[in-house]
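Residues per chain, in single letters:
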Amino acid sequence: MVFQHECQGPGLAYTEDNNFKVRLFDLVNALARSLDMVSHTLAGHHTNVGFFAARIAECYGLSSFERRNVVFAAMLHDIGAVSLYPAVDSLLFEDDTIKHSIAGSVIISSSKKLQDVSKLVEYHHTPWEELRGENKRYEISNIINLADFIDVNTRRDRPARLQVPLLIELCRKHSGRLFNPDYIEALREAESKRDYYHRLYSERTEKKLRLSTQFESDMLDAEGVLDFTGLFAKVIDFRSRFTATHSQGVAITSSVLGRWLGFNEVEQALFQIAGRLHDIGKLAVPTTLLEKNDKLTSSEFSAIQRHAVYTEHILSGVPGLEVIRDWACQHHERIDGTGYPKGIAGKEISLGSRILQVADVFTAITEDRPYRRGMDFKQTTKVLRQLGDSNKLDPIVVEVLIERYDEINDLRCKGQTLALEHFSNYSKVLYNKYGIVSKDIS
Ligand SMILES: [Fe+2]
Ligand SMILES: [Fe+2]
Ligand SMILES: [Fe+2]
């Protein structure tokens, strides 16, 4: 039996005729933006490297498919560093150019649409003299190496237009060894064009990137978006062993709750997407805070609370994801208005957001954490009913969950176990093939 609810719920306009569509570029861009939130020293690093790579690719005359791949790879190139090193800040890797490149490549290869992109990330620090002739298809990753060199060495407190020509001259000293001489020339040519600097570090950078990655088959339906959001979930969960696999638990719980509250299949996929994305803003919160054992000061607590605002900010740049964005960024709001970040209350909170709220609390209290076991049925029911009775969580959604507890809890457990297996496989691949030790999340 499907439960009826008075709040706006099933039957979202675009799911009726199944025209939910999102551009792959917008998702890559959102992921790049969230990676950029981790490093405070190199603001906008992934977006800028994407921008430089696009300019080089354009002047060099790559095909549209190669350009799309190299720009996507540039926009995500240090994703491995974010998962290997939680405290990563400067994104300067003199000592480790190989580990984070391989880790990034392994993470990205989990997305069907980005197989070539993952290879380009693997080679993004490989010197030109090693790369040339090895595999023609991946030679273009040297464009990322060059773009990265320029951005890492561009000081944020001085105008880029004064620094980039000097940096290009510096690159020329490494021509043929570190960098392909033709790519350096292409960058020099791009640099000589007048409108260049107006675009760097601005909203126009994104426009430029969007244009240079235009590719016919890159519109994704709900299933395609779900596949891609696996990347987001990996980055969030792998950063902190305290949240490992949490996103997947929320994704599954909310989609099953959605089913029992009358949402159709496409909408259930949207709940999975929202679950995987709900804590993406945590990338902007230092892991030392997320993992702090002692009591948090009030300023530390508000720093953690800001993750909901960051989630909204990141997802706002993705046209088509508006409903998911609202569900995801309202997961800490409460029906009585005592939640955050906005303190909205009652009917201002849609049924979808109410489902995410219940799924988030349920997953948090039932999953095992390194410092405690998850709660059993009796304790879980008690906590959820208290929150329902005190008008924090939606009491109807709470009752649906309790009524279906065995089914939902079983699916949550299986989903989280699978996510943990994926993480262990990722760790094993890194260790067995490359001797890289990633974080222990057991
Ligand atoms: Fe790198
Ligand atoms: Fe980088
Ligand atoms: Fe959260």
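Calculation notes
- Residues numbered from 1 in each chain as written.
- Chains lettered and ligands numbered in written order.
- Predicted model: local features only at pLDDT ≥ 70, side-chain atom pairs only at ≥ 80, totals over all residues.
- Heavy atoms only, no water.
- Helix = DSSP H or I, 4+ residues; strand = E, 2+ residues; numbered from the N terminus.
- Buried < 20%, exposed > 50% of the residue type's maximum accessible area, 1.4 Å probe, protein only.
- Contact = heavy atoms within 4.5 Å.
- Areas by Shrake-Rupley, 256 points an atom, 1.4 Å probe, with all protein chains shown as cover.
- Donors = N, O, S within 2.8 Å, 3.2 Å for Na, K, Ca; no water.
- Tetrahedral: all angles 85-135°; square planar, octahedral: opposite > 155°, others 65-115°.
- Axes fitted to C-alpha atoms, helices over the stretch in contact; angles between N-to-C directions.
- Parallel < 35°, antiparallel > 145°, perpendicular 65-115°, else oblique.
- Left-handed = near helix turned anticlockwise from the far one by under 90°.
- Nonpolar A, V, L, I, M, F, W, Y, C, P; charged D, E, K, R; others polar.
- 1 Å grid on protein atoms, 1.4 Å probe; cavity = no way out; pocket = protein on both sides within 12 Å on 5 of 7 lines; lining within 4 Å.
- Points joined across faces, edges and corners; volume = space filled by probe spheres on them.
- Core = buried A, V, L, I, M, F, W, Y, C linked by side-chain atoms within 4.5 Å.
- Domains from an automatic or database assignment.
- Phe/Tyr/Trp six-rings, centres within 6.5 Å; stacked < 30°, edge-to-face > 60°.
- Lys NZ or Arg CZ within 6 Å of the ring centre and 35° of its normal.
- pLDDT = per-residue confidence, 0-100.
- Salt bridge = Lys/Arg side-chain N within 4 Å of Asp/Glu carboxyl O.

Engineer: So what about the overall build of the protein? Which residues, and what values?
Structural biologist: Summing up its helical and strand segments, the protein has 24 helices and two strands in all. Buried positions account for 58% of the 442 residues belonging to the protein. For the protein, long-range pairs separated by at least 24 residues make up 72% of all intrachain contacts whose partners lie at least 6 apart in sequence. Summed over its atoms, the accessible surface of the protein is roughly 19,000 Å², and 51% of this surface lies on carbon and sulfur atoms.

Engineer: Tell me about the coordination of the iron ion (ligand 1), and name the residues and values.
Structural biologist: The coordination sphere of the iron ion (ligand 1), as far as protein atoms go, consists of Asp78 (OD), His100 (NE2), His124 (NE2) and His125 (NE2), spread over 2.1 to 2.3 Å. Between the four donor atoms coordinating the iron ion (ligand 1), the angles at the centre fall across 84 to 178°, so the site counts as irregular. One chain supplies every donor to the iron ion (ligand 1), and in sequence these donors are spaced D-x21-H-x23-H-H. Between the iron ion (ligand 1) and the iron ion (ligand 2), a spacing of 3.8 Å is present, and a bridge between the two is formed by Asp78.

Engineer: Provide a residue-level description of the packing of helix 15 (residues 246-260) against helix 21 (residues 351-366), including the pertinent values.
Structural biologist: At their nearest, the axes of helix 15 and helix 21 sit 8 Å apart, and the two run at 130° to each other. When the axes of helix 15 and helix 21 are compared, the pair comes out oblique. You can see that helix 15 and helix 21 cross each other, and the crossing is right-handed. Here His246, Gly249, Val250, Thr253, Ser254, Leu257 and Gly258 of helix 15 come into contact with helix 21, specifically with Ile355, Leu356, Val358, Ala359, Asp360, Phe362, Thr363 and Ala364. Of the residues that constitute the contact of helix 15 with helix 21, the class distribution is eight nonpolar, six polar and one charged.

Engineer: Can you lay out the layout of surface pockets for me, pointing to particular residues and giving the numbers?
Structural biologist: Within this model, the largest pocket holds a volume of roughly 770 Å³. Together, 27 residues line the largest pocket, and Lys282, Ile304, His332, Ala364 and Arg369 are the ones closest to its centre. By residue class, the composition of the lining of the largest pocket is eleven nonpolar, eight polar and eight charged.

Engineer: Give a description of the nonpolar core that names residues and reports values.
Structural biologist: Side chains of nonpolar character tend, in soluble globular proteins, to be buried together. Core analysis: the largest hydrophobic core is formed by 114 residues, its most contacted members being Val70, Leu114, Ile150, Phe228, Leu257, Leu321 and Tyr426. With nine residues, helix 14 (residues 222-239) is the largest single contributor of residues to this core. Both of domain 1 (24-212) and domain 2 (221-431) provide at least three residues apiece to this core. Contacts of Leu114, omitting those with residues within four sequence positions, involve Leu24, Phe72, Leu76, Ile108, Phe228 and Leu231.

Engineer: I'd like a rundown of the packing of aromatic side chains, residues and numbers included.
Structural biologist: This model, assessed by the stated rule, comprises eleven aromatic pairs. A ring pair is formed by Tyr123 and Tyr138, whose centres lie 5.9 Å apart and whose planes are at 35°; its orientation type is tilted. Of the two residues, Tyr123 is situated in the loop between helix 7 (115-122) and helix 8 (128-131) and Tyr138 in the loop between helix 8 and helix 9 (141-152); the sequence distance between them amounts to 15 residues. For Tyr138, a relative accessible area of 9% gives the class buried. For the pair Phe377 and Tyr405, a centre-to-centre distance of 4.6 Å together with 70° between the ring planes defines the contact as edge-to-face. Taken as a pair, Phe377 in helix 22 (residues 377-389) and Tyr405 in helix 24 (residues 405-434) lie far apart in primary sequence, 28 residues in all. An aromatic cluster is present here, built from Tyr60, Trp128 and Tyr183 joined pairwise through their rings. Across the ring face of Trp260, the terminal group of Arg404 is positioned such that the distance to the ring centre comes to 3.6 Å.

Engineer: How would you explain the confidence of the model for the protein if you had to name every residue and give the values?
Structural biologist: Overall, the prediction assigns the protein a mean pLDDT of 85, with 86% of residues at 70 or greater. Within the protein, helix 12 (residues 196-199) has the poorest average pLDDT of any element, 52, and helix 22 the best, 97.

Engineer: Would you mind going over the pattern of salt bridges in detail, with residue names and values included?
Structural biologist: Throughout the structure, instances matching the rule amount to 18 salt bridges. A salt bridge links Asp218 to Arg68, with the shortest nitrogen-to-oxygen separation between them at 3.0 Å. Separated by 150 residues along the polypeptide, Asp218 in the loop between helix 13 (203-212) and strand 2 (219-220) and Arg68 in helix 4 (residues 64-76) bring together distant segments of the chain. Of the two residues, Asp218 and Arg68, neither departs from the other in class, the shared state being buried. In this structure, Asp368 engages Arg373 in a salt bridge whose closest nitrogen and oxygen atoms are separated by 3.1 Å. Under the relative-accessibility criterion, Asp368 is labelled partly exposed at 47%.

Engineer: Got a sec to walk through the environment of Ala30? Specific residues and values, please.
Structural biologist: Its location among the elements puts Ala30 in helix 2 (residues 24-36). Here the alpha-carbon distance between Ala30 and Leu315, two residues 285 residues apart in the chain, equals 6.5 Å. If sequence neighbours within four positions are ignored, Ala30 has contacts with Phe232, Ile314 and Val318.

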